Amino acid sequence: MVIARKVETEKLPGLIERPVARLGLAYVWVAYIAFGLAALAGMVQGMVRGGILELPSWTNYYQILTAHGVLMALIFTTFFIVGFLLTGVARTTGGSLPSTALRCGWAGWILMVVGTLMAVVTILRNEASVLYTFYAPLKASPYFYIGTALLVVGSWFGGFAIFASYSKWKREHKGEVSPLFVFMSVTTFVMWIIATLPVAVEVIFQLIPWSLGLSPTINIMLSRTLFWFFGHPLVYFWLMPAYIAWYVCLPRVIGGHVFSDSLSRLAFILLLLFSIPVGFHHQLMEPGISAGWKMIHVTLTLIVVIPSLMTAFSIFAVFETTGRKKGGVGLFGWLKKLPWTDVRFFAPFVGMLFFIPGGAGGIINASNQMNAVVHNTLWVTGHFHITVGAAVALTFFGVSFWLIPVLTGRTLTRTANRMGMVQTVFWAVGMFLMSFAMHFMGLQGAPRRTDYTTYMDHPTALGWMDYQRMMAFGGGLLFVAAILLILILLYLTFKAPKGYMEYPIGETEQEQQIPGILERWPVWVGLIAFLIVMAYGYPIMELLQHPAPGSPPFKTW
Amino acid sequence: MHLHKYEKIWLMLGGGALALFIVLLCVNAFAMGMAPPSDMEMIDPAEVTKTPPFDNPGLKQVGEKEYDAYMTAFAFGFSPTKMEVPVGSTVNFHVTSPDVVHGFQIPGTNVNFMVMPGHINSATHTFDKPGEYLIICNEYCGAGHQVMATTIIVK
């Protein structure tokens, strides 16, 4: 006979139960270990490209570049996102996670850590200098591909944990509208699981057998198409959690209210629909895809302007109404009333400022023939450093400054807050200098993903050198900011005084009517399936029926 | 769902600008012939050096001031290594790869496309100014990627 036992679980002052806090900390700290290593690799890379540093013979630029890309773009982001969303879902559903969700959460963590170690070891052994896009027919060690597959599958378990909490909440609150944080987390993971299916297919059915020598050749265009089917939604997977912090957490941080619950949900549904059927805009300069199909994807890509404008409006409306309530008058008087010295607000706000040129640059990248000017140049590197490297990263830093104290039962002290402000400024200035130089050089044609070179002292390439040094200088500042960040987070984890730290969750000012359709998932999943079949069905069928001659593996490094 | 009046205006302006932008892109691509390089021709990457015209890469004059440049991009170089055309020439580049994925870019022009094994990709450019134009690989292709370049001289 099973005896039901009531387990006394202790809640931390920030309204999170200890088991959830432990899980959250485990995710967040793996994220920041990866971040620290990635920042070091990034700094070295910038110095090498800037002509300031020469690498010893036991390593090379592309190995370090692979490490930077994989650790920063795949490991840091994914671990942080799963950790952040799991704790937020717990916070908004009563402070705990059901035991299934906790088990899924830990299973995912273990799979992701094992996958990460496999990928990192193969990179360190120089068996996987294929960059984080791992384009065939460059062939890495099979363990690199298996590692990435484990990372992806592990992240699904993070999603299952969120779905389990959501369905338990639904059962216990029949007819009620789910908390906004939970709804947005579920949307993010529905998107993520659909988007990662094709890359899982690419890795499991194409890359692994081919790298093991079981299949002699690989269909290059199919592998790239499956990769970019995933590659663009990947950037929304970074962005949507940052949007959650902007929509749900920031209003509370500044002492205001969520602008509109239903509009926030609608924006997320639009992001869900239009993040996936758009991958060809990364393949605009490639042969084997007709101009017409490229245009269809470009059009679907640009629709993301609508939820982006909705987000910009909502966020600034919250800032203005809150500032006015605090006594701000005149056209811009409310700006003065915002909490500029609170890093929990300041860091994400600076991130938002970066996102304005980031979004504009994104429109240029996605615009068909305009892409020819910037494709594979440093412009693109500059673009994703101000979007994911500034807007998303600064938001994650801002979240970490309160999330880690919440999870450790400590508080963000005034000094730590001030150090956070300094850190934000260093990161922002470094990112500005580096990405400005990158954008500028990109327009002149300087290629991305390229070791230091003068192309036999060609005058065109020599003209880039000053900007390459500026880029390296920015990278140096970013590294200083990264070290400072890790020190602050260590302090918040182990040393800061115990006490109450709020997990900021905003609410609307009045009860709002939410259209039920927004939570009818079969409708949205059906719509995405339709859009995907429309955008990808015919091109993928063509790739399978009339493939180009396949490619054998190459190891050219 | 309630929409604030200002939000309606904001979204209508944004949506309108977006629609106009997409129409312009379509006109640009399809009516003015400025679609991105999307060559559909295929080739066996193992047979590139035996398949004409890539068995003998180089410039072929096809008009008074027009040339076809058949080129191969490989780890880590381009063939042919030397090309020269008179000022005002239009050059149609056709490029393929016998090994990994490469890029083909002429900084300062709009020539920029991917070179894939199994496919031929193409772009056209008219060189109105004299000079030695740099041609570089802009897709990571291995340890020597940074030296993969050639030039085209316009006299």
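A brief report on the enclosed structure follows. Just so you know, the residues in each chain are numbered from 1, in the order the chain's sequence is written. To read the labels, note that chains go from A and ligands from 1, taken in the order they are written. Given that this is a predicted model, residues contribute local features only at a pLDDT of at least 70 and side-chain atom pairs are listed and counted only at 80 or more, while totals for whole chains, interfaces and linings are drawn from all residues.

### Side note on the overall build of chain B
- Per the convention used, a helix needs a DSSP run of H or I reaching at least four residues, while a strand needs a run of E reaching at least two, with both numbered from the N terminus. Summing up its helical and strand segments, chain B has 1 helix and 10 strands in all.
- Put simply, chain B runs from its N terminus to its C terminus through helices and strands in the order α-β-β-β-β-β-β-β-β-β-β.
- Computed over the C-alpha atoms, the radius of gyration of chain B is 20 Å, more than 25% above the 15 Å expected from 2.2 N^0.38 for a compact globule of 155 residues.
- When the backbone C-alpha atoms are referred to their principal axes, chain B occupies close to 65 × 35 × 30 Å.
- Here chain B, with 155 residues, has 43% of them falling under the buried criterion. A radius of gyration in this sense is built from C-alpha atoms; the matching globule rule multiplies 2.2 Å by the number of residues raised to 0.38. Three classes are used. A residue is buried when 20 or more other C-beta atoms lie within 10 Å of its own, exposed when 12 or fewer do, and partly exposed in between, with C-beta atoms placed from the backbone.

### Description of the packing of helix 9 (residues 305–325) of chain A against helix 1 (residues 5–31) of chain B
- At a minimum axis separation of 10 Å, helix 9 of chain A and helix 1 of chain B run at an interaxial angle of 150°. By the angle between their directions, the pair helix 9 of chain A and helix 1 of chain B is classed as roughly antiparallel. The two elements helix 9 of chain A and helix 1 of chain B meet at a crossing, and its hand is right-handed. Counted together, V305, I306, L309, M310 and F313 of chain A of helix 9 of chain A and E7, W10, L11, G14, G15 and L18 of chain B of helix 1 of chain B form the full contact between these two elements.
- Within the contact of helix 9 of chain A with helix 1 of chain B, the residues separate by chemical class into 8 nonpolar, 2 polar and 1 charged. Interaxial angle, 0 to 180 degrees, is taken between N-to-C directions of lines fitted to C-alpha atoms, where a helix line uses only the stretch in contact. What sets the label is the angle itself: under 35 degrees gives roughly parallel, over 145 gives roughly antiparallel, 65 to 115 gives roughly perpendicular, and the rest give oblique. Should the near helix be turned anticlockwise from the far one by less than a right angle, the crossing is left-handed, and should it be turned clockwise, the crossing is right-handed. The contact criterion used is a C-beta to C-beta distance within 7 Å, with each C-beta placed from the backbone. For this scheme, ten residues count as nonpolar: Ala, Val, Leu, Ile, Met, Phe, Trp, Tyr, Cys and Pro. Four count as charged, namely Asp, Glu, Lys and Arg, and the remainder, Gly too, count as polar.

### Quick word on the environment of T81 of chain B
Residue and element names in this part refer to chain B.
- The topology assignment puts T81 in the loop between strand 3 (77–79) and strand 4 (82–85).
- Accessibility expressed as a C-beta count within 10 Å gives 9 for T81, which makes it exposed.
- Residues T81 and T150 lie 69 residues apart in sequence; the distance between their C-alpha atoms is 6.1 Å.

### Let's talk about the nonpolar core
All names here are of chain A.
- Definition of nonpolar core: a set of buried Ala, Val, Leu, Ile, Met, Phe, Trp, Tyr and Cys residues joined via C-beta atoms within 7 Å. Counting 242 residues, the largest nonpolar core has A31, F76, F79 and L478 as the members making the most contacts within it.
- Ranked by residue count, the leading element in this core is helix 6 (residues 220–253), at 24 residues.
- Filtering out sequence-adjacent residues up to four positions away, L478 remains in contact with A39, G42, M43, W427, G430, M431 and M434.

### Structural notes on the pairing of strand 4 of chain B
Residues and elements named next belong to chain B.
- Here strand 4 shows a buried face lined by M83 and V85 and an unburied face lined by K82 and E84.
- The sheet contact formed by strand 4 and strand 10 (residues 149–154) spans 4 bridges and is parallel. Within the sheet, the bridge partner assigned to M83 lies in strand 10 and is I152. By this definition, two strands are paired if DSSP reports at least two bridges between them.

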